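Each chain is listed here by its residues.
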Amino acid sequence: MSANITAKAAAGVLTLLFATLGSGPIASAAAQSTPGSDTAVVAMYEEPTSLNPILGPQMDFATMVDLTMFPNLFGVQPDGKLTPDLAAVVPTVQNGGISKDGLTYTFHLRPHVEWSDGQPFTAQDVLKTYELLVDPHVNALTTAGFNQVSKADVLDPQTIRFTLKRPYAPFLTTCWSAVQMGIIPAHVFDKVASTDVNKAPFNYAPSAALGPYMFESWKHGAAITVVANPHYYGKQPKLKKIVFQIMPDQNTILSSIQAGSVNLYTFVPIQQVSTLSSNPAVKLHFYEQSAWEWGQLNFKDPVLQDKRVREALEYGIDRQAIVDHVWQGKATPTADSQIPMYWSFDAAIKPYPYDPKKAGALLDAAGWKMGPGGVRVKDGKQLVLTYSTTAGNPWREETEQIIQQQLGQVGVKIDIHNYPANIFFGNILFHGQFQIAEYEATGGPDPDLRIYRADSCNAIPPHGSNYGSWCDKRIDPLLQQEEAATDRSERKAIFNKISAIEHEEMPSLFYYSPKGILATSHLEGFSPNGYVQPTWDVTDWFIGK
Amino acid sequence: MGTYVIRRLLLSIPLVFGITIVIFFLAHHLPGGPLAMYLNTASVTPEQLQHLTVQLGLDKPVYVQYVEWLGKAVRGDFGNSFGDGRPVLAVIGDRIPATLELMGFSFALSVALAFAFGILSALRRDSLFDYVVTVLSYAGMSMPIFWLGILVIMLFGAQLHWLPTAGMATAGQPFSIVDNLRHLILPMFVLAAFTLAQESRYVRASMLEVIGQDYIRTARAKGLSEGEVVLKHALRNALIPVVTVLTLDAAYLLSGALVTETVFAWPGMGRLFYDSLREGNYPVVVGIAVLVSILVILLNILADVLYAVLDPRIKYN
């Protein structure tokens, strides 16, 4: 007879709970997308900090959302070619849009384009976008290229001319293509003091858009929703709404796309590929992207200053083994910082082959003799190198272990010290507190920017991201020549010379360029683009079977 | 009692003040910082970083930044988020309802079940029921939340399709209470699992101690019904140590909510705190830390007040 009441109460609570849980299947399937639905759900594992396309920091997911609302003057095709978007034509020297000396760029804008609030789109919008980007009070997404402008003149409502301080060939792609940012409305920002731009309501609730979609809502921490923009100049998108749902855990996204409640999953980690490929409702997309993984070498370190040691490291690493084991073959070994998808790529420069014997001979020649425990020694000092990367990345950790094991065989001991991403980039790399630092470099549609930032003697921190402090006097004159050349084939020849120097001097250990991986479920009309975010062709998307 | 509470509240003011100093300086000395997100981007120029440092006020010494912050904070202005520039209190305010919903339901669930399981276990000590509850409790305490979370998402969401996998509402659908509650079920259970396991152990232990006492035998001898004996005489006395654990758990739920909110994509404050830490968004980090500290202080005062309510022998004069 003991405790009958409590027993009953507990049983009651339990029954109630299981009843709630059990009622699930009856009301299920609501979360699943149905064919012909007018809404697509895109999963994002990081939340954009703002939706103003000209504000930093640059985040892939912010660009992904912005691209649906804020086009730029030029779109970028999957082959890297520019196409007119808000501009009516792509300027060239031939059509008179670019002056022969490469100093003036005249943009003719597409006529009869309206913002989603009905205001006309004019050259003033382009001018305002430029002015705010170079304003010191604005947390600009980028000033690269814009800082080369000496003068901007609005010639008429449909024409704007930029005069540069010096010829700068990447001007179109780096500043005015869909890669990073879009045009913002002058009629909104004329009323905002430049000191208040960082706090403008437009940043979290954009009141005007030019793209196929316009802003509907941002439920912070949950989702950003955009709806079709009836004022869009181009063809109307097939989907009425796109919901960018924020799901910080990638395992949750994995379950959600399997459950059918997510239509697009971007930046899929390689270790989830086998699970996803076993699900018939999920389609995987692999594509070339402008990113490559490398191990930056620190030239402030006396051991690594010896070219023979760097060469030995190159020969001591089996790139193909990493690509096969870690990337399941979904990556391409690289020889320098030009990757195969770039127009500036030189196929004649091949990655260093795996040759441990040669690596050993080079180390012998450099005075590093095999010592006790299989570790080479010189002047009583062991050849131990610290290897760092971002912590918590399963594929980077696997890569490190392979490299550690391979270099161990040639007598180089690798000590692994990983750091959380913000510490790795903010402290370790920036302050040069590493010997070998592995990370991914991403380029734009134009190879110039990344090369300058990584290779120029003028880009050693704090002036740039040449974290290894490598300085080869041949690089900067070549970069200047390349920027002054307006012809692509001329530029390619110069880039190839830079590649040859990189390959010969080894400022970094070049590993591979990983393929981009995306997963879609019921999303049709979608095609990836290695240069821009996957929302670039959003008007063609629809929900299929 | 009234004076006691007022005195405690007044004493908390210097405490909160001290906490703000510690939090502010800690936040500003975390490695990484707000500029780290800009550094691995090819298109970021050095002059941009220079401008940004000035815009965010980071060019001034930290103590100057602190004094400026404090001057505004006492007037209720916690500054603006480094991200989209919204006022910090608006940023936090957006996320409080989601956290309160998850924490509130989860707390209520864990307390209700903990009492039911704890009392029954104590009354039927060494029975099969007791053993099962004991085993489950240890399992609940030792299971990491993120693992349990992924497990139930895979099972009930991806495999069985009974419940939604993530978020607090179906994407692209108008808000409905039923839809919201369906989204709540899995994170609520997962978040409750740990506290439930722990609390039921405390209730059991506390009850065991009490039911052996003489006054329980007296109560039974008076001919009171078993329900009255257990609920009125035993439980009330057993509650005192349990209250301490419960109020501490309320604070724990805030941190446990961080993981649960991440796994279930629940748009609450724990995740906001984590994201802000990662981005070096100092104003939001400091804002949340200060608010949570105040909450913990208030909960502690509440616990002390509850002791006096439960046990007439405890008096604050």
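In every chain, residue numbers begin from 1 and rise along the written sequence. Each chain gets a letter, beginning with A, and each ligand a number, beginning with 1, in the order they are written. Reporting of local features is limited, given that this is a predicted model, to residues whose pLDDT is at least 70; pairs of side-chain atoms are given and counted only at 80 or more, and all residues count toward the totals for whole chains, interfaces and linings. Hydrogens are left out, water is left out, and the side-chain values use all remaining heavy atoms of the structure.

A few words on the overall build of chain A. Secondary structure elements are taken from DSSP: a helix is a run of H or I of four residues or more, a strand is a run of E of two residues or more, and numbering for both begins at the N terminus. A tally of helices and strands in chain A yields 16 helices and 23 strands. Relative to the 2.2 N^0.38 estimate, which gives 24 Å for 545 residues, the radius of gyration of chain A is 26 Å and therefore close to what a compact globule would have. Its C-alpha atoms give chain A principal-axis dimensions of about 90 × 75 × 40 Å. For this analysis, residues touch if any pair of their heavy atoms sits within 4.5 Å. For chain A, the share of sequence-separated contacts (at least 6 apart) that also reach a separation of at least 24 residues comes to 68%. Here the accessible surface of atoms and residues is derived via Shrake-Rupley with a 1.4 Å probe, and residues count as covered only by protein chains that are part of the display. Here chain A displays about 19,800 Å² of accessible surface, and carbon together with sulfur accounts for 54% of that area. By the counting scheme adopted, Arg and Lys are positive, Glu and Asp are negative, and His together with the chain ends is not counted. Charged groups are reduced to one reference atom each: NZ for lysine, CZ for arginine, CG for aspartic acid, CD for glutamic acid. Of the charged side chains in chain A, 42 are positive and 53 negative; the average position of the first set lies 2 Å away from that of the second. The atom set for the radius of gyration is the C-alpha atoms, and the globule formula is 2.2 Å times the number of residues raised to the power 0.38.

So, about the overall build of chain B. Each helix and strand in chain B was counted, giving 12 helices and zero strands. From first element to last, N terminus to C terminus, chain B shows the α and β order α-α-α-α-α-α-α-α-α-α-α-α. Judged by the C-alpha coordinates and their principal axes, chain B covers about 85 × 60 × 35 Å. Exposure categories follow from relative accessible area, calculated using a 1.4 Å probe and restricted to protein chains: below 20% of the type maximum is buried, above 50% is exposed, and the middle band is partly exposed. When burial is assessed residue by residue, chain B has 54% of its 317 residues classed as buried. Here the analysis covers contacts within chain B between residues at least 6 apart in sequence; of these, 74% occur between residues at least 24 apart.

With that settled, the discussion passes to the pairing of strand β17 (residues 384-388) of chain A. Residues and elements named next belong to chain A. Where β17 and strand β18 (residues 413-416) come together, four bridges link them in parallel fashion. Note on β18: the bridge partner recorded for Val-384 is Lys-413. After leaving β17, the chain enters helix α12 (residues 394-409) and then returns to the sheet as β18, a path that is right-handed. Following DSSP output, two strands are said to pair if at least two bridges run between them. Consider the strands pointing away from the viewer: the crossover is right-handed when the path from the first strand over the helix to the second runs clockwise.

Quick look at the interface of chain B and chain A now. Contact with chain B, which involves 64 residues of that partner, is made by 80 residues of chain A. Contact between chain B and chain A buries roughly 5,900 Å² in total, counting both sides, with carbon and sulfur atoms accounting for 61%. Salt bridge criterion: a side-chain nitrogen from Lys or Arg within 4 Å of a carboxyl oxygen from Asp or Glu. For the pair chain B and chain A, the number of links is one salt bridge. Arg278(B) is the salt-bridge partner of Glu46(A), the closest N and O atoms lying 3.6 Å from each other. Definition of a polar contact: a pair of N or O atoms within 3.5 Å, with one able to donate and the other able to accept a hydrogen when the atoms are protein atoms, and with sequence-neighbouring residues admitted only if both atoms are side-chain atoms. Where chain B meets chain A, there are 20 residue pairs in polar contact (both at pLDDT 80 or more). For the side of chain B that touches chain A, the secondary structure elements donating two or more residues are α2 (36-39), α3 (46-55), α5 (88-123), α7 (145-159), α8 (177-211), α10 (226-263) and α11 (269-279) of chain B. The term buried area refers to how much accessible surface (probe radius 1.4 Å) is lost by two components on association, counted for both of them together.

Bringing the nonpolar core into the picture now. Across soluble globular proteins, you tend to see nonpolar side chains buried next to one another. One finds Leu73(A), Phe107(A), Phe171(A) and Trp176(A) to be the most contacted residues of the largest nonpolar core, which totals 125 residues. Residue contributions to this core peak at seven residues, all from helix α12 (residues 282-310) of chain B. For the purposes of this description, domain bounds are those given by an automatic or database domain assignment. The residue makeup of this core includes at least three contributed by each of domain 1 (7-237 + 518-543) and domain 2 (291-514) of chain A. Ignoring any residue separated from it by four or fewer positions in sequence, one finds Phe171(A) in contact with Tyr105(A), Phe107(A), Gly145(A), Val149(A), Phe162(A), Leu164(A) and Trp176(A). Within the second largest apolar cluster, 65 residues are counted, among which are Val268(A), Leu276(A), Leu385(A) and Tyr512(A). By convention a nonpolar core is built from buried Ala, Val, Leu, Ile, Met, Phe, Trp, Tyr and Cys residues, the set being connected through side-chain atoms within 4.5 Å.

Here we come to empty space enclosed by the protein. Of the two site types, the cavity is a set of points on a 1 Å grid over the protein atoms alone where a 1.4 Å probe fits but cannot get out, and the pocket is an open set with protein on both sides within 12 Å along at least five of seven lines, each lined by residues with an atom within 4 Å of a point. Grid points are joined across faces, edges and corners, and a volume is the space filled by probe spheres set on the points. Tallied over the full model, the rule gives 10 cavities of 30 Å³ or more. Roughly 210 Å³ of internal volume is contained in the largest cavity. What lines the largest cavity is a set of 17 residues, and nearest its centre among them are Glu47(A), Pro48(A), Val91(B), Leu272(B) and Glu279(B). Looking at the lining of the largest cavity, the elements that each hand over two or more residues are α5 and α11 of chain B.

On to the pattern of salt bridges. Counting across every chain of the model gives 30 salt bridges over all chains. In this structure, the salt-bridge partner of Glu505(A) is Lys307(A), at a minimum N-O distance of 3.7 Å. A residue pair is termed long-range when its members are at least 10 positions apart, and Glu505(A) in helix α16 (residues 488-505) and Lys307(A) in helix α9 (residues 307-316) qualify at 198 residues. Overall, the relative accessible area of 14% leaves Glu505(A) in the buried class. By relative accessible area, Lys307(A) is classed as partly exposed at 31%. Notably, a salt bridge pairs Arg204(B) with Asp130(B), separated by 2.9 Å at the nearest N-O pair. Here Arg204(B) is found in helix α8, whereas its partner Asp130(B) is found in helix α6 (residues 128-142), with 74 residues between them in sequence. Classification of Arg204(B) as buried rests on a relative accessible area of 13%.

Turning our attention to the sheet that holds strand β21 (residues 516-521) of chain A. Residue and element names in this part refer to chain A. If you walk across this open sheet you meet the seven strands as β7-β8-β9-β1-β10-β21-β11, and the pairing is mixed. In the strand order of this sheet, the two ends are held by β7 (213-219) and β11 (282-287), each with one partner. Two elements, strand β10 (residues 264-265) and β21, share two bridges in a ladder whose sense is antiparallel. If you follow Leu-264 over to β21, its bridge partner there is Thr-520.

What follows is about the pairing of β21(A). Two faces belong to every sheet, and in a regular strand the side chains alternate between them. Residue and element names in this part refer to chain A. Most of β21 sits out of view: six of its six residues are buried. Neither face of β21 is open: one carries Gly-516, Leu-518 and Thr-520, the other Ile-517, Ala-519 and Ser-521, and all of them are buried. As paired elements, β11 and β21 share six bridges and run antiparallel to each other. Looking at the pairing, Tyr-287 lines up with Gly-516 of β21.

Here we take up the domain arrangement of chain A. All names here are of chain A. Each assigned domain of chain A is listed with its residue range as follows: domain 1 (7-237 + 518-543) and domain 2 (291-514). Taking only C-alpha atoms, the centre of domain 1 and the centre of domain 2 are 34 Å apart. When the two sides are added together, the surface that domain 1 and domain 2 hide from each other amounts to roughly 1,200 Å², 65% of it contributed by carbon and sulfur. Of all residues in domain 1, Ala-169, Thr-173 and Tyr-531 give up the largest surface area on contact with domain 2, accounting jointly for 39% of the area buried on that side. Linking domain 1 to domain 2 there are one salt bridge.

To continue, consider the state of the cysteines. Here is the idea: a disulfide is a covalent bond, and it sits between the sulfur atoms of two cysteines. Residues and elements named next belong to chain A. Cysteine sulfur pairs qualify as disulfides if the two atoms are within 2.5 Å. Throughout the structure, instances matching the rule amount to one disulfide over all chains. Paired through a disulfide, Cys-457 and Cys-471 show a sulfur-sulfur distance of 2.0 Å. Note on the Cys-457 and Cys-471 pair: the S-S dihedral is about 100°, so by sign convention the disulfide is right-handed. A residue pair is termed long-range when its members are at least 10 positions apart, and Cys-457 in the loop between α14 (448-455) and α15 (475-484) and Cys-471 in the loop between α14 and α15 qualify at 14 residues. Of the residues examined, Cys-471 reaches a relative accessible area of 36% and is grouped as partly exposed.

Residue and element names in this part refer to chain B. In this analysis, a patch consists of residues with relative accessible area above 30% that form no salt bridge, clustered at 9 Å for like charges and at 5 Å for the nonpolar side chains Val, Leu, Ile, Met, Phe, Trp and Tyr. On the surface, Leu-9, Leu-89, Leu-291, Ile-294 and Leu-298 cluster together to form a nonpolar patch covering roughly 360 Å² of accessible area. Here the element with the most residues in the nonpolar patch is α12; it accounts for three residues. On the secondary structure map, Leu-9 appears in helix α1 (residues 2-28).

With that settled, consider unusual backbone geometry. All names here are of chain A. For the bond from Gly-56 to Pro-57, the omega torsion is -5°, close enough to zero to count as cis. The residue Pro-57 is located in the loop between β1 (39-44) and α2 (60-69) in this model. Unlike most non-glycine residues, Gln-328 shows phi in positive territory, near 50°. Within the secondary structure, Gln-328 is located in the loop between α10 (319-327) and β13 (331-333).

Residues and elements named next belong to chain A. Axis separation between α14 and α16 bottoms out at 12 Å; the angle between their running directions is 35°. Where α14 crosses over α16, the two elements pack in a sense that is left-handed. Across from Asp-448, Ile-451 and Asp-455 in α14, the residues of α16 making contact are Arg-491, Phe-495, Ile-498 and Glu-502. Class assignment for the residues of the contact of α14 with α16 results in three nonpolar, no polar and four charged. Axis lines are fitted through C-alpha atoms, for helices just across the contact stretch, and the angle between N-to-C directions can take any value from 0 to 180 degrees. For any helix crossing, the convention is left-handed if the near helix is rotated counterclockwise from the far helix by under a right angle, and right-handed if that rotation is clockwise. We call Asp, Glu, Lys and Arg charged. Ala, Val, Leu, Ile, Met, Phe, Trp, Tyr, Cys and Pro are nonpolar, and the rest, Gly among them, are polar.

This part is about the sheet that holds strand β4 (residues 104-108) of chain A. Residue and element names in this part refer to chain A. In space, the three strands of this open sheet follow the order β4-β6-β5, with antiparallel pairing throughout. Strand pairing shows two members of the sheet lacking a second neighbour, β4 and β5 (149-156), which therefore form its edges. Going from strand to strand, the sheet's axes swing by 15° on average, the running direction of each strand aside. As paired strands, β5 and strand β6 (residues 159-164) are joined by six bridges and run antiparallel to one another. Across the sheet, the residue bridging to Lys-151 is Thr-163, located in β6.

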